[in-house]
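The lines below spell out each chain.
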Amino acid sequence: MSHWIPENSVLSFEDTAFGCTSGKTSMAIDGYGNVYGCSLMVSMDGLSAGNINDDPIKEIWNRSQVFNDFRKLTYDQVQGPCSDCDDLSKCMAGCRACAYSLTGLTNGSDLRCPSAKG
């Protein structure tokens, strides 16, 4: 039983959903109590979902704008070279932490991909 995901919640990956599990089935908390979608996002201020010293983890999980935005991302929102790649449905848009660090966008292309480099 999960402590913050309701038992009747269905977290499925739609055919057009990003493959990143940040804010869907994973999160990370740094030593200061800041909550992120994964450990790669730690210290990226723009990706902080909240702080457990200010709000209960359940509230952060359910109400964080950052997590809710991750949960809603679909392929048609991808920006950059990945947006028209034939392999998008296979890679599922790559890593959101890497895309954010390289483009400043949560829906940006993961530019580590050889196809994105052209």
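Look up: the structure comes first, before these words.
Here's a quick rundown of the structure. Everything numeric in this text was worked out from a predicted model, so none of it was measured.

Observations concerning the overall build of the protein chain
Turning to step 1, where the next piece is worked out: When helices and strands are counted, the protein chain shows four helices and three strands.
Turning to step 2, where the next piece is worked out: Start at the N end of the protein chain and walk to the C end: the helices and strands fall as β-β-β-α-α-α-α.
Turning to step 3, where the next piece is worked out: In the protein chain, buried positions account for 34% of the 118 residues.
Turning to step 4, where the next piece is worked out: By sequence separation, contacts in the protein chain at least 24 residues apart represent 44% of the contacts at least 6 residues apart.

Examining helix 2 (residues 65–72)
Turning to step 1, where the next piece is worked out: Of the residues making up helix 2, those classed as buried are Val66, Phe67 and Phe70. Seen end-on, helix 2 carries its buried residues on one side only, within an arc spanning 95°. Those residues of helix 2 that are exposed and aimed more than 90 degrees away from the buried face are Gln65 and Lys72.
Turning to step 2, where the next piece is worked out: On the buried face of helix 2, the contacting elements are strand 2 (34–36), helix 1 (57–63) and helix 4 (96–103).

Thoughts on the nonpolar core
Turning to step 1, where the next piece is worked out: Ranked by size, the top nonpolar core spans 23 residues in total, and within it Met41, Ala49, Phe67, Phe70, Val78 and Ala97 carry the most contacts.
Turning to step 2, where the next piece is worked out: Going through the elements one at a time, strand 2, helix 1, helix 2 and helix 4 are the ones with two or more residues in this core.
Turning to step 3, where the next piece is worked out: Element by element, the count of residues in this core is highest for helix 2, at three residues.
Turning to step 4, where the next piece is worked out: Those residues in contact with Phe67 that lie beyond four places of it in its chain are Gly23, Met27, Val35, Tyr36, Gly37, Ala49, Ile60 and Trp61.

A word on the side chain of Ser22
Turning to step 1, where the next piece is worked out: Here Ser22 is to be found in the segment before strand 1 (28–29).
Turning to step 2, where the next piece is worked out: Ser22 gets classed as buried once you look at its relative accessible area, which sits at 2%.
Turning to step 3, where the next piece is worked out: Setting aside residues no more than four positions away along its own chain, Ser22 makes contact with Gly37, Cys38, Met41 and Phe70.

Cut-offs and rules
- Residues numbered from 1 in each chain as written.
- Predicted model: local features only at pLDDT ≥ 70, side-chain atom pairs only at ≥ 80, totals over all residues.
- Heavy atoms only, no water.
- Helix = DSSP H or I, 4+ residues; strand = E, 2+ residues; numbered from the N terminus.
- Buried < 20%, exposed > 50% of the residue type's maximum accessible area, 1.4 Å probe, protein only.
- Contact = heavy atoms within 4.5 Å.
- Arc of directions from axis to C-beta.
- Core = buried A, V, L, I, M, F, W, Y, C linked by side-chain atoms within 4.5 Å.

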